[in-house]
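The residues making up each chain are set out below.
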Amino acid sequence: MPNPALPHVPTDEERAWRQNLLLALPVAFMAVGLGVGLEYQAPRSTAFDRVGYPALAALLLALEVALLRRHTALRAVATTLVGVTGAFLVLRLASLLHFTGGTETLRELTEVYWWVPVLYVVTLLVPGGHGRAAHRAAASCVACMAVLSVVFAVLHLHDPASHPVISALVQLSLSNLTVLALTRSFAGRLRARAREHERLAHTDLPTGLHNRRGWSAALTEALRGGGGGQVHAVVFVDLDGFKRVNDTRGHEVGDALLRRAGGRLRALLGEEGVGEGHAARLGGDEFALFGAVADAAGAEALAERVRDVLGAPYDLGGRTELVTASVGVSVAPYDGADPETLLRAADLAMYRAKRTGKNAVRRYASDLGEAEARRATLERDVQHAAERGELELHYQPLFDLRTRRAVKVEALLRWTHPQLGPVSPAEFIPLAEATGLITPLGEWVLRRACADARHLPAALVVAVNVSPVQLEDPSFPHMVRAVLRDCGLPPERLELELTETAVMRDVDRARHTLGQLRDIGVRVALDDFGTGHTSLSSLRDLPLDTVKIDRSFVADLRGGQAQPFAHTLLGALLRVADLLHLEVVAEGLEDDAQLQALHDLGCHIGQGYLLGRPAPLAAALSAPWGQHPHEEREHAGEVPAWPQPARQESSAVSAPGSVPR
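Residues numbered from 1 in each chain as written. Predicted model: local features only at pLDDT ≥ 70, side-chain atom pairs only at ≥ 80, totals over all residues. Heavy atoms only, no water.

Caption draft 1: Structural view of the overall build of the protein. Across its full length, the protein carries 25 helices and 17 strands. Within the protein, buried positions represent 47% of all 661 residues. Restricting the contact set of the protein to residue pairs at least 6 apart, pairs at least 24 apart contribute 71%. Approximately 31400 Å² of the protein is accessible, and the part contributed by carbon and sulfur atoms is 58%. (Helix = DSSP H or I, 4+ residues; strand = E, 2+ residues; numbered from the N terminus. Buried < 20%, exposed > 50% of the residue type's maximum accessible area, 1.4 Å probe, protein only. Contact = heavy atoms within 4.5 Å. Areas by Shrake-Rupley, 256 points an atom, 1.4 Å probe, with all protein chains shown as cover.)

Below you can see the structure in the form of C-alpha cells.
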C-alpha cells in the first residue's frame, strides 16, 4: 500500500500543464459566458442551450477553483474536462440534428465545433492523467458524433435542403478522425522523446547505472510504496584503490574499471533477489545502491556482499588490478525516511570505514556525531572548492624591524564553505593532503599568488607555503618555473615556505629540490623553525634564504620562566644567521614587549597581528606599505617610540632583495 507519509509530488511537466490550464480555463469560461449572453438575446433559442451553456460555464469555473486549491488535482480536472465537455458536444449535436433542425444548424455547427481539437489536445497531451479514462471519453465522443451524423444522413438523404448539413457532418467526422489520429501520433512522439530525455537525465553514461538524480527518484518511489513496515538498505561505496589505477594506467582503464564495478553491482542486485533494488554511480569512484531487505541484519549482510563482490580482482587489458571497497550502510526507516537523509547517513558510515582501515563495512550509528559529519562534508567538498569560487587568498605583511617598511606579504589560503562558513586551514589542509588534493590545490594557490603579486608594489616579495607532498613531487620545480613564466613574475619576487618537518622527512631529496628552486631564482624559507628536528648546523647544509622562528619562542619573550631560554636561543640563531647570510623572521608578534625584545636582539623581520592582519587582495592593495601600524600609533602618542636595535652590526640583511646568494 502507498505510504501516506510520502504524498504524490507533481513533476515539472505536470506543474507546467497546471499553469497552462489555469490560464486556459478562464478563457474557455469567458467564451462559454459569451455564448450564454448571446443565446438569451437570440430570436430563436433552444432549451438545451439555455441549460447547457450555464452548466458548462459553472463546470469550468469549478475546475479552475479546484486547480487553484489543490496542486495535485491536475489528473482529476483533465479527466472531468474531457468527459463532461465531450458529453456536452455530443448532446448538443443530437439536439441540433434531431430536435431543432432548420437553416440555423450549419451556423450552430461552425459556432461550437471549433473546440473539438482542443478536447483532443487536452486528452492526449496532458501528462500523468488517468489516460485510459480520458482516452475512452474522447473516443466515445468521436463515435457518438459519428453515429448521430450517420443517423441524420440516413433519415434526411432524400431531402435536398438537408444535403449541406450532411456534407458538414461528413467533414466534421473526417476532421475528428484526422485530428484525433494526428494528435495521438504527435503525442506519442513527444512522450517517447520525453522518456528518452528522462532516461538520459537519470543515467550515468559511463556505467549505464542511475546517476544521483535518477537513483534518488527511484528510492523516493520505493519508500513511498513500501508502507510502514518495509525495511530498505541504503549502501554507499567508495573504491579505495581507484585513484591509483586511474593515475598509473590512464583514464580509459579507469573508466573500464568503473564499468566493471557498476556491472557487478547490477548483477549482485539480481543474484540476491533484492526487492526494488537499484544501483547508481554518484560521481568519481562513489557508488550507491538500495533494496528492500528483511531487517537491519539483512542490510549489513547486503553491504558485506557488496564489499566482497567489488573487492574481487579486475582483469583490465590483460593485467589484473586489485581494488577494495569501503562501504557504509543505513537502514530505512530507522536511520531516515527520505533519500537525502539516508544517503548522508550511509556516507558518514563509509567515511568511518575508510578511516578505520578501508576494505570494511560500517553501519550508520548516531554516535558518528556532528564532528564526524563535518569532517566527511569538508573532505568531500574540498575537492570542488576552487572551481566553485569558495577559496580566496589573504595577504599578511612582513615588516623590516629597522626600516619599518613592509618587505613581504605571505599568501594565506582561506575557505568559506557555503553551509559551514569559514573553515580553518588547520582543518582542511590535512584533509586535502589525505585525499591527494593538495597538489592541485597548491598549484592553484601558487598561480593565484603570483598573479596577484603583479598588482602589489614591486619591492614586495610574495611568500607561498608548500606542502610536504608537493616538495616530494619531482615535477614541482618545473611547475614553479611554468607558473612564473605564465604569470610574468620575476623569480626573485617569489619565496616558497617549507615546514621544518617537511624538509627533515627526506633531507637528501629536500636538499636536491631546494637547490633546483634556488637555480630558478626563487627564494626558499624554512618555516616553524624550532618545532622539529632541524639543528643549527643543518642550516649550513640546506640551500636557504630565510629562517622563520616559530611563534612559540616569540611568545616566550613576553616574560616568565621561559624568557631567558627564548632570548638565548634567538640570540644564537641570529648570530648563526649572520654567518650564513640568512634572513630571520619572527612570527606571532602580538604585543609591544615582544617587539622591544626583538629590537634588542637585532631581529631582521617581524610578522604578526601587532604589525598587520591577513586581508584580501583589495584591502592589501590599499594598505600603507611604507608605514606599519605601530608607527602610526607611535606618531599618535599611543605607544613609546621604538628604540634603535642594540646590535646594529649584527643585521647583515636589510631587505629580501639584498640577501647574498
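Caption draft 2: Representation of the packing of helix H15 (residues 438-453) against helix H17 (residues 476-487) within the structure. Between H15 and H17, the least distance of the axes is 9 Å, while the angle of their chain directions is 35°. Handedness of the crossing formed by H15 with H17: right-handed. Packed against H15, whose contacting residues are Glu443, Leu446, Arg447, Cys450 and Ala451, the element H17 presents Met479, Val480, Val483, Leu484, Asp486 and Cys487 at the interface. (Axes fitted to C-alpha atoms, helices over the stretch in contact; angles between N-to-C directions. Left-handed = near helix turned anticlockwise from the far one by under 90°.)

Caption draft 3: Up close: the side chain of arginine 281. Checked against the element boundaries, arginine 281 lands in strand S2 (residues 275-283). Of the polar contacts made by the side chain of arginine 281, one reaches the side chain of aspartate 204; its length is 2.9 Å. Contact partners of arginine 281, with chain neighbours within four places excluded, come to Asp204, Pro206, Thr207, Leu209, His210, Asn211, Arg212, Leu258, Glu286 and Phe287. (Polar contact = N/O pair within 3.5 Å; in protein donor to acceptor, adjacent residues only side chain to side chain.)

Caption draft 4: Seen up close, the side chain of glutamate 583. Looking at the element boundaries, glutamate 583 is found in strand S15 (residues 583-586). At 3.3 Å, the side chain of glutamate 583 and the side chain of arginine 523 are in polar contact.

Caption draft 5: Representation of the pairing of strand S9 (residues 406-417) in the model. The element S9 is extensively covered by neighbouring structure, given that 10 of its 12 residues are classed as buried. As judged from the 9 bridges shared by strand S8 (residues 391-400) and S9, these two strands associate in the antiparallel manner. What sits directly across from phenylalanine 399, in S9, is alanine 406. With antiparallel pairing between neighbouring strands as the criterion, S8 and S9 make up a hairpin whose turn holds 5 residues, including arginine 404 at a positive phi of roughly 60°. Note that S9 and strand S11 (residues 461-466) share 4 bridges and pair parallel. Of the residues in S11, the one forming a bridge with valine 409 is valine 462. As judged from the 3 bridges shared by S9 and strand S10 (residues 421-423), these two strands associate in the antiparallel manner. Within the sheet, the bridge partner assigned to tryptophan 415 lies in S10 and is valine 423. Hairpin connection between S9 and S10: a loop of 3 residues separates the two successive antiparallel strands. (Pairing = 2+ DSSP bridges.)

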